[in-house]
Amino acid sequence: MSATINPAITPRELLNKVPEVTIYFWIIKIMATTVGETGADFLIFNLRFGLENTSYLMSALLAVVVLSQILVKQYIPWLYWLAVVMVSIVGTLITDNLTDNFAVRLEVTTVVFSLALIATFATWYVSQRTLSIQTIFTTKRESFYWLAILLTFALGTAAGDLASESWRLGYGVAGLIFAGLIAVTVIAHFVFKINSVLTFWLAYILTRPLGASIGDFLSQPRSNGGLGFGTIYTSAVFLLVIVALVGYLTVKQRQLAVEHG
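Source: prediction; values computed, not measured.

Criteria and cut-off values
Residues numbered from 1 in each chain as written. Predicted model: local features only at pLDDT ≥ 70, side-chain atom pairs only at ≥ 80, totals over all residues. Heavy atoms only, no water. Core = buried A, V, L, I, M, F, W, Y, C linked by side-chain atoms within 4.5 Å. Buried < 20%, exposed > 50% of the residue type's maximum accessible area, 1.4 Å probe, protein only. Helix = DSSP H or I, 4+ residues; strand = E, 2+ residues; numbered from the N terminus. Contact = heavy atoms within 4.5 Å. Axes fitted to C-alpha atoms, helices over the stretch in contact; angles between N-to-C directions. Parallel < 35°, antiparallel > 145°, perpendicular 65-115°, else oblique. Left-handed = near helix turned anticlockwise from the far one by under 90°. Nonpolar A, V, L, I, M, F, W, Y, C, P; charged D, E, K, R; others polar. Phe/Tyr/Trp six-rings, centres within 6.5 Å; stacked < 30°, edge-to-face > 60°. Lys NZ or Arg CZ within 6 Å of the ring centre and 35° of its normal. Expected span 1.5 Å × (residues − 1). Lys, Arg positive; Asp, Glu negative; His and termini not counted. Salt bridge = Lys/Arg side-chain N within 4 Å of Asp/Glu carboxyl O. Patch = residues over 30% accessible without salt bridge, like charges linked within 9 Å, V, L, I, M, F, W, Y side chains within 5 Å. Areas by Shrake-Rupley, 256 points an atom, 1.4 Å probe, with all protein chains shown as cover.

### A few points about the nonpolar core
In terms of nonpolar packing, the biggest core is built from 55 residues, with Y80, W124, Y145, W146, I149, W201 and Y204 touching the most fellow members. Those elements that provide at least two residues to this core are α1 (23-46), α2 (50-71), α3 (77-100), α4 (106-128), α5 (139-166), α7 (196-219) and α8 (230-259). Among the elements that line this core, the one with the most residues is α3, at 11 residues. In contact with W146, other than residues within four places in its own chain, are V66, Q69, I70, Y80, A83, V84 and V87. Formed by six residues, the second largest nonpolar core is a distinct cluster that contains A163, A174, F178 and L210.

Okay, here's the thing in structure tokens:
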């Protein structure tokens, strides 16, 4: 993250390990959630790894990537967003395993992940007295951060599947509902000045089912209510856009670093 000259910022805050929340942040995040949905399906069905093998493989890779993210001393765009994509895939797989292998109803997983996320936020706040992502400069805070993000992806997957499949609303309608809820959250923040930390995390949670609904709508066959583009093309297009945007942010970060010495 670029270090803008500001006397009010302490040296520790300059070490913040997560990106600034901009329009680029939300675009990449939504696309990463879409890739999490379609990427998991691609590995399971197209490459025929199966749900169990895919879960083992991606969980191991996630552990390596997140550990690498925690060990570095500064925000590195490509590493951070690779971690987000990996968390997106694994969060999807956690919910899919509970549903497919253990027959846990989506209503139950939605409630359980909601409670687990609330407990994580509560513990994080009691420990650190803040939930702001502007101050992720210690290992403990970063650990809370990534645990919360994993739970938001698992919760988002469960809620998205619950709305689009169990309640039979369809991917398009479910996507519009979650987009509407995000719009309400944005209005609550900018118009009614609702707490920025609260509205950030609400939007972060809601972008997961939105991205999943978009991914399923684009990739699923027409017989299932999708457009039939398939997981390969959908994943590839969204990954290319993510790579392009992260590349742009990396170049911008380096330019700002040079400008500010």
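Still to come is the rest of the account.
### Some details on unusual backbone geometry
Positive phi values are uncommon outside glycine, yet A103 reaches one of about 55°. Among the secondary structure elements, A103 is positioned in the loop between α3 and α4. Residues other than glycine seldom take positive phi values, yet R168 does so here, at roughly 55°. Residue position: R168 is located in the loop between α5 and α6 (171-190).

### Describing the packing of α4 against α5
Two elements in contact, α4 and α5, have axes whose closest approach is 9 Å; the angle formed by their N-to-C orientations is 160°. Here α4 lies roughly antiparallel to α5, going by the angle between them. When the axes of α4 and α5 are compared, the crossing they make is left-handed. Per-class residue counts for the contact of α4 with α5 are 16 nonpolar, nine polar and four charged.

### Here we look at the environment of F42
Following the sequence through the fold, F42 ends up in helix α1. On the basis of relative accessible area, F42 is assigned to the partly exposed category, the value being 24%. Sequence spacing of F42 and V112 is 70 residues, and the spatial spacing of their C-alpha atoms is 27 Å. Beyond its immediate chain neighbours, meaning those up to four positions away, F42 contacts L47, T231 and I232.

### Some remarks on the packing of aromatic side chains
Each pair of aromatic rings is reported with the distance of its centres and the angle of its planes. Throughout the structure, instances matching the rule amount to 21 aromatic pairs. A cation over an aromatic ring shows up here: K29 above the ring of F153, its NZ or CZ 4.7 Å from the ring centre. The ring of Y204 is capped by K29, whose NZ or CZ atom sits 4.1 Å from the centre of that ring.

### With respect to α3
With 24 residues, α3 should reach 34 Å at 1.5 Å per residue; the first-to-last C-alpha distance of 34 Å fits that figure. Counting buried positions along α3 gives 18 out of 24 residues, so the element sits mostly inside the fold.

### So, the side chain of K29
Inspection of the secondary structure assignment puts K29 in helix α1. E37 provides the closest opposite charge to the buried, salt-bridge-free K29, at an N-O distance of 11 Å. With residues near it in sequence (within four places) discarded, K29 still touches W81, F153, Y204, T207 and R208.

### Concerning the pattern of salt bridges
Across all of its chains, the model carries three salt bridges by this definition. Residues E142 and K17 are paired through a salt bridge, measuring 2.7 Å at the closest nitrogen-oxygen approach. With a gap of 125 residues between them, E142 in helix α5 and K17 in the segment before α1 connect regions that are remote in the sequence. Each member of the pair E142 and K17 is classed as buried. E37 is the partner of R208 in a salt bridge, and the nearest nitrogen-oxygen pair spans 3.3 Å. A residue pair is termed long-range when its members are at least 10 positions apart, and R208 in helix α7 and E37 in helix α1 qualify at 171 residues.

### Overview of a nonpolar patch on the surface
A surface patch of nonpolar side chains, amounting to about 760 Å² of accessible area, comprises V186, I187, F190, V191, F192, I194, L198 and L202. Of all the elements in the fold, those that place two or more residues in the nonpolar patch are α6 and α7. Tracing the backbone shows V191 in the loop between α6 and α7.

### Examining the packing of α5 against α6
It is at 8 Å that the axes of α5 and α6 come closest, and there the two elements cross at 135°. Our classification of the angle between α5 and α6 gives oblique. For α5 against α6, the interelement crossing comes out right-handed. For the pair α5 and α6, the contacting residues are A159, G160, A163, S164 and E165 in the first and Y171, A174 and F178 in the second. In terms of residue class, the contact of α5 with α6 is built from five nonpolar, two polar and one charged.

So, to be careful, I would describe these as geometric facts and stop short of saying anything about function.
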